[in-house]
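# Geometric and topological summary
Chain residues, written in single-letter form:
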Amino acid sequence: MDSVSQANFVHRTNSDGSMDSICSKCAITIASSPWEAELERAEKTHECDPERLRYLYSPDNLISAGKPSQPSPKQRRTAKF
Ligand SMILES: [Zn+2]
């Protein structure tokens, strides 16, 4: 992983033809516009809210999101590095 926290943005086309730009890291819609250039401009200035990231990626939150609290032994994966 890169030490620089660079977010990726997903573009979603709405039924009215406009597009949403969604930050894949903090999962918020940062801009909505019919022009891609507008989205790109918003993406350049977007910074993820560290408080939100901490909430999204906190272990407590992951457990409450419907995952079993005890991992099954069968689900053990070998880590490859
Ligand atoms: Zn973000």
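Preceding this paragraph is the structure being described.
The structure reproduced in this document is the subject of the present report. (Residues numbered from 1 in each chain as written. Predicted model: local features only at pLDDT ≥ 70, side-chain atom pairs only at ≥ 80, totals over all residues.)

## A closer look at the overall build of the chain
Counting secondary structure elements, the chain contains three helices and three strands. Buried positions account for 6% of the 81 residues belonging to the chain. (Helix = DSSP H or I, 4+ residues; strand = E, 2+ residues; numbered from the N terminus. Buried ≥ 20, exposed ≤ 12 C-beta atoms within 10 Å, placed from the backbone.)

## Brief notes about the pairing of strand 2 (residues 19-23)
One ladder, built from five bridges, connects strand 1 (residues 9-13) with strand 2; its direction is antiparallel. The residue bridging Val-10 from the neighbouring strand is Ile-22, located in strand 2. Where strand 1 folds back on strand 2, the antiparallel hairpin that results is connected by five residues, among which Gly-17 adopts a positive phi of roughly 95°. With four bridges joining them, strand 2 and strand 3 (residues 29-33) adopt antiparallel strand pairing. Residue pairing in the sheet places Ser-21 in a bridge with Ala-31 of strand 3. Count of turn residues in the strand 2/strand 3 antiparallel hairpin: five residues, of which Ala-27 carries a positive phi of about 60°. (Pairing = 2+ DSSP bridges.)

## With respect to unusual backbone geometry
In this structure, Ala-27 takes a positive phi of about 60° despite not being glycine. Secondary-structure assignment places Ala-27 in the loop between strand 2 and strand 3.

## A short note on the sheet that holds strand 2
Where strands meet in a sheet, backbone hydrogen bonds hold them as pairs that are either parallel or antiparallel. The three strands lie next to each other as 1-2-3, forming an open sheet whose pairing is antiparallel. Unpaired on one side and paired on the other, strand 1 and strand 3 mark the two borders of the sheet. The sheet shows a mean angle of 20° between the axes of neighbouring strands, direction not considered. In the packing of helix 1 (residues 36-45) onto the sheet, the strands contacted are strand 1, strand 2 and strand 3, and the crossing angle to strand 3 comes to about 160°. (Axes fitted to C-alpha atoms, helices over the stretch in contact; angles between N-to-C directions. Contact = placed C-beta atoms within 7 Å.)

## Concerning the environment of Pro-34
Residue placement: Pro-34 occurs in the loop between strand 3 and helix 1. Sequence-wise, Pro-34 and Asn-14 are 20 residues apart; in three dimensions their C-alpha atoms are separated by 9.2 Å. Not counting chain neighbours up to four residues away, the residues in contact with Pro-34 comprise Gly-17, Ser-18 and Met-19.

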